[in-house]
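One letter stands for each residue in the lines below.
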Amino acid sequence: MEPGPGPKPDWLKIKLATGSSFASTRQLLTRHSLHTVCRSAMCPNLHECWSKGTATFLLLGNVCTRSCRFCAVATESRPELPDTREPARIAEAVKTMKLRHAVLTSVNRDDLPDGGAGHWAETIRAIRAVNPSVSIECLIPDFNGNDQSLDQVMAEAPEVLNHNIETVPSLYHKVRPQADYSVSLSIIERARQKFRLATKSGMMVGMGETSPEVEASLLDLRRHGCDMVTIGQYLQPTAAHLPVTRYVTPDEFEYYRCFAQQAGFRHVQSAPFVRSSYHAEAFSPAEPEALS
Ligand code: SF4
């Protein structure tokens, strides 16, 4: 058995921010019957983000058809059919929350012929119809690499197309056994080359990767046209999930931040609690002329 990472260091102690907005964000999400990845994935930043009145909407239910070993989203039951009223409810919530930047993500829906791409496209259109000035960030699943589904979402021209590689390729069989590293890279490349979108990806560390492997993945992302990147500490959501192998120090996160910046990423967030939608509003969409 591999040795565990030991007790949580001080830099991973969560500060529970509970501003007045926390309760109203929670009430609003409940009122609109909306799922968030903040809650479904047990994000450590939930108190901070909800207290600032932001959240990341989880489309297509809260049951995933895959079983990635790092993720807390439920997988045991059968997912329900997509809720056709969800796009309108999200659009209303974006308006009520006065969001300037709305972040959407979804579970994997390998049970649906289009992987849920049509529902994604409808949600983007519904948000824009009610909130014409909002920017939209789509943290998409891989749609099994289905070009038609990917194109359906990308053609809606979200201001940021985000797709996480999650980890280094040598750990895919352990971390995301139903996913493929090269497919994830090709999604970023497609968004950039075919649709000229601003692209973003993210990875977790502390799962057994080495530092040279992280560097190699950052360079892979750059080579495939990724503009922005997030790097954060993996935290085991329950005892049934993949164990943490080590707690990466704040100095190492700073090293990765500098490495990524030197590699040419336009925006980099690298710190223990960084998640792919953390402070997403600070990741401004690319100027068209900045795209090469
Ligand atoms: S970092 Fe993202 S997922 Fe986590 S609470 Fe904030 S908005 Fe939600």
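It should be noted that the structure appears before, not after, this text.
Residues numbered from 1 in each chain as written. Predicted model: local features only at pLDDT ≥ 70, side-chain atom pairs only at ≥ 80, totals over all residues.

S.K.: I'm lost on the overall build of the chain in this one. Help?
M.R.: The helix and strand tally for the chain stands at 10 helices and 7 strands. Computed over its C-alpha atoms, the radius of gyration of the chain comes to 18 Å, within 12% of the 19 Å expected for a compact globule of 292 residues. Overall, the C-alpha framework of the chain stretches about 50 × 45 × 35 Å when taken along its three principal axes. Each of the 292 residues in the chain was classed as buried or not, and the buried ones make up 46%. (Helix = DSSP H or I, 4+ residues; strand = E, 2+ residues; numbered from the N terminus. Rg over C-alpha atoms; globule rule 2.2 N^0.38 Å. Buried ≥ 20, exposed ≤ 12 C-beta atoms within 10 Å, placed from the backbone.)

S.K.: Before we go on, may I ask you to explain the packing of helix α4 (residues 86–96) against helix α5 (residues 117–130) in this structure?
M.R.: In contact at an axis separation of 8 Å, α4 and α5 are set at 40 degrees when each is read in the N-to-C sense. What the angle tells us is that α4 and α5 run oblique. Between α4 and α5 lies a crossing whose hand is right-handed. Where α4 abuts α5, its residues Glu86, Pro87, Ala88, Ile90, Ala91, Glu92, Val94 and Lys95 lie against Glu122, Thr123, Ala126, Ile127, Ala129 and Val130. Residues belonging to the contact of α4 with α5 are distributed by class as follows: 9 nonpolar, 1 polar and 4 charged. (Axes fitted to C-alpha atoms, helices over the stretch in contact; angles between N-to-C directions. Parallel < 35°, antiparallel > 145°, perpendicular 65-115°, else oblique. Left-handed = near helix turned anticlockwise from the far one by under 90°. Contact = placed C-beta atoms within 7 Å. Nonpolar A, V, L, I, M, F, W, Y, C, P; charged D, E, K, R; others polar.)

S.K.: Whenever I open this one, the nonpolar core confuses me. Can you help?
M.R.: Side chains of a nonpolar character, in soluble globular proteins, are inclined to be buried together. Counting 76 residues, the largest nonpolar core has Leu104, Cys138, Val205 and Val229 as the members making the most contacts within it. In contact with Cys138, other than residues within four places in its own chain, are Leu104, Trp120, Val153, Pro158, Leu161 and Asn162. (Core = buried A, V, L, I, M, F, W, Y, C linked by C-beta atoms within 7 Å.)

S.K.: Would you mind going over the site of the ligand with me for this structure?
M.R.: Neighbouring the ligand are Val37, Cys38, Cys43, Asn45, Leu46, Cys49, Thr54, Ala55, Thr56, Arg275, Ser277 and Tyr278. Looking at the shell around the ligand, the elements with two or more residues in it are α2 (37–40) and α3 (46–51). Among the residues forming the shell around the ligand, the class breakdown is 7 nonpolar, 4 polar and 1 charged. (Near = placed C-beta within 6 Å.)

S.K.: So what exactly am I meant to see when it comes to the sheet that holds strand β2 (residues 101–106) here?
M.R.: Hydrogen bonds between backbone groups are what pair the strands of a sheet, and the pairing can be parallel or antiparallel. Ordered in space as β1-β2-β3-β4-β5-β6-β7, the 7 strands form an open sheet in which the pairing is parallel. Edge strands, defined here as strands with exactly one partner in the open sheet, are β1 (56–59) and β7 (267–270). Strand after strand, the sheet turns through a mean of 20 degrees between neighbouring axes, direction not considered. In this structure, strand β6 (residues 228–233) lies alongside β7, joined through 4 bridges in parallel fashion. Counted as the bridge partner of Val229 is Val268 from β7. (Pairing = 2+ DSSP bridges.)

S.K.: What should I look at first to understand the packing of helix α9 (residues 211–223) against helix α10 (residues 250–263) in this one?
M.R.: Helices that pack against each other are described as a pair by the angle of their axes relative to one another and the distance between those axes. Contact pair α9 / α10: the axes reach a minimum separation of 10 Å and the direction vectors enclose 30 degrees. Here α9 lies roughly parallel to α10, going by the angle between them. Handedness of the α9/α10 crossing: right-handed. Residue-level inspection shows Val214, Glu215, Leu218, Leu219 and Arg222 of α9 in contact with α10, the latter providing Tyr256, Phe259, Ala260 and Ala263.

S.K.: What should I look at first to understand the environment of Thr25 in this one?
M.R.: Mapped onto the secondary structure, Thr25 falls in helix α1 (residues 20–31). Sequence spacing of Thr25 and Thr123 is 98 residues, and the spatial spacing of their C-alpha atoms is 20 Å.

S.K.: Looking at this structure, I do not really get the pairing of β6. What am I missing?
M.R.: Two faces make up the sheet, and in a regular strand the side chains alternate between them. Of all 6 residues in β6, 6 are buried; the element is thus mostly enclosed. A two-sided burial pattern is seen for β6, the buried positions comprising Met228, Thr230 and Gly232 on one face and Val229, Ile231 and Gln233 on the other. You can see the chain leave strand β5 (residues 198–205), run along α9 and come back into β6, and the turn it takes is right-handed. Following the chain from β6 across α10 to the adjacent parallel β7, one finds a crossover that is right-handed. (Right-handed = clockwise from strand over helix to strand, strands pointing away.)

S.K.: Would you mind showing me how to read α5 here?
M.R.: Because the α-helix completes a turn every 3.6 residues, residues three or four places apart line up on one side. Here α5 is 14 residues long and its end C-alpha atoms lie 20 Å apart, about the 20 Å a rise of 1.5 Å per residue gives. What α5 keeps buried is the set Ala117, His119, Trp120, Thr123, Ile124 and Ile127. What you see down the axis of α5 is that its buried residues fit within an arc of 165 degrees, all on one side. Residues of α5 that are exposed and angled more than 90 degrees away from the buried face: Arg125 and Ala129. (Expected span 1.5 Å × (residues − 1). Arc of directions from axis to C-beta.)

S.K.: Can you help me understand unusual backbone geometry in this one?
M.R.: It is generally the case that most residues other than glycine have a negative phi and that most peptide bonds are trans. Although it is not a glycine, Ser33 sits at a positive phi angle of roughly 50 degrees. For Ser33, a count of 10 C-beta atoms within 10 Å puts it in the exposed group. The backbone phi angle of Phe143 is positive, close to 45 degrees, even though this residue is not glycine. With respect to the helices and strands, Phe143 occurs in the loop between β3 (135–139) and α6 (147–154).

S.K.: What's the story with the environment of Ser21 in this structure? I'm lost.
M.R.: Along the polypeptide, Ser21 turns up in helix α1. Owing to 17 C-beta atoms within 10 Å, Ser21 belongs among the partly exposed residues under this scheme.

S.K.: Would you explain helix α8 (residues 181–193) in this entry?
M.R.: In a regular helix each residue adds 1.5 Å, so 13 residues correspond to 18 Å; α8 covers 18 Å between its end C-alpha atoms and thus fits that length. Taken together, the buried positions of α8 are occupied by Ser184, Leu185, Ile187, Ile188, Arg190, Ala191 and Arg192. Residues of α8 that are buried make contact with α6, β4 (160–162), β5 and α9.

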